[in-house]
Amino acid sequence: SLPIPCYTDRNFVESAVELWLSNQLNNYEYLLILNSAAGRSFHDLSRYPVFPWVLSSYGDDETMLDLTNAENFRDLSKPIGA
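As a starting point, this report considers the structure included with it. All residue numbers refer to positions counted from 1 along the written sequence of the respective chain. Totals for whole chains, interfaces and linings use all residues, but because this is a predicted model, local features are given only for residues with pLDDT of at least 70 and pairs of side-chain atoms are given and counted only at 80 or more. As a convention, hydrogens and water are excluded, and side-chain values are obtained from all of the structure's heavy atoms.

### Concerning the pattern of salt bridges
Each salt bridge in this description consists of a side-chain nitrogen of Lys or Arg and a carboxyl oxygen of Asp or Glu lying within 4 Å of one another. As enumerated under the stated definition, the model contains 1 salt bridge in all. The shortest N-O distance in the salt bridge between R10 and E14 comes to 2.9 Å. With R10 and E14 both in helix α1 (residues 10-21), this residue pair falls 4 residues apart, about one helical turn. When accessible area is computed with a 1.4 Å probe and restricted to protein chains, residues below 20% of their type maximum are described as buried, those above 50% as exposed, and intermediate ones as partly exposed. Its relative accessible area of 38% is what places E14 among the partly exposed residues. Only DSSP runs of H or I covering at least 4 residues are called helices, and only runs of E covering at least 2 are called strands; the numbering of each starts at the N terminus.

What follows is the structure in structure tokens.
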């Protein structure tokens, strides 16, 4: 995992996009970079990193969440809570 510096430099963000598109960064690392570029940090509770809410179902303790089932993901065309 890469150390995530706080850069707002356009070239840094563009290079992160290229790394993500070439599968050299996973989604979590990419989102951390975008949050860092926006000035968000785990060190400041008023500007904590933002991660998208994409699951509609979390299953229960006895079953594993099936990430291949489209019904487990929320409809992103609708606002949160709809």
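### Thoughts on a nonpolar patch on the surface
Among the surface-exposed residues, Y28, F42, L45, Y48 and F51 lie close enough to one another that they form a single nonpolar patch of about 550 Å² accessible area. Residue class for F51 comes out partly exposed when judged on its relative accessible area of 32%. The patches reported here contain residues having more than 30% relative accessible area and no salt bridge. Joining distances are 9 Å for like charges and 5 Å for nonpolar side chains (Val, Leu, Ile, Met, Phe, Trp, Tyr). Computed with a 1.4 Å probe, the accessible areas rest on the Shrake-Rupley method; for each residue, only the protein chains presented here act as cover.

### Details of helix α2 (residues 27-37)
Looking only at α2, the buried set comprises E29, Y30, L32, I33, N35 and S36. Should any heavy atoms of two residues lie within 4.5 Å, those residues are considered in contact. On its buried face, α2 is in contact with α1. For the purposes of these results, a polar contact is taken to be a pair of N or O atoms within 3.5 Å, where, inside protein, one atom must be able to donate a hydrogen and its partner to accept one; residues adjacent in sequence count only when each atom of the pair is a side-chain atom. Put simply, N26 is the residue that caps the front of α2, since its side-chain oxygen is 3.1 Å from the backbone nitrogen of Y28.

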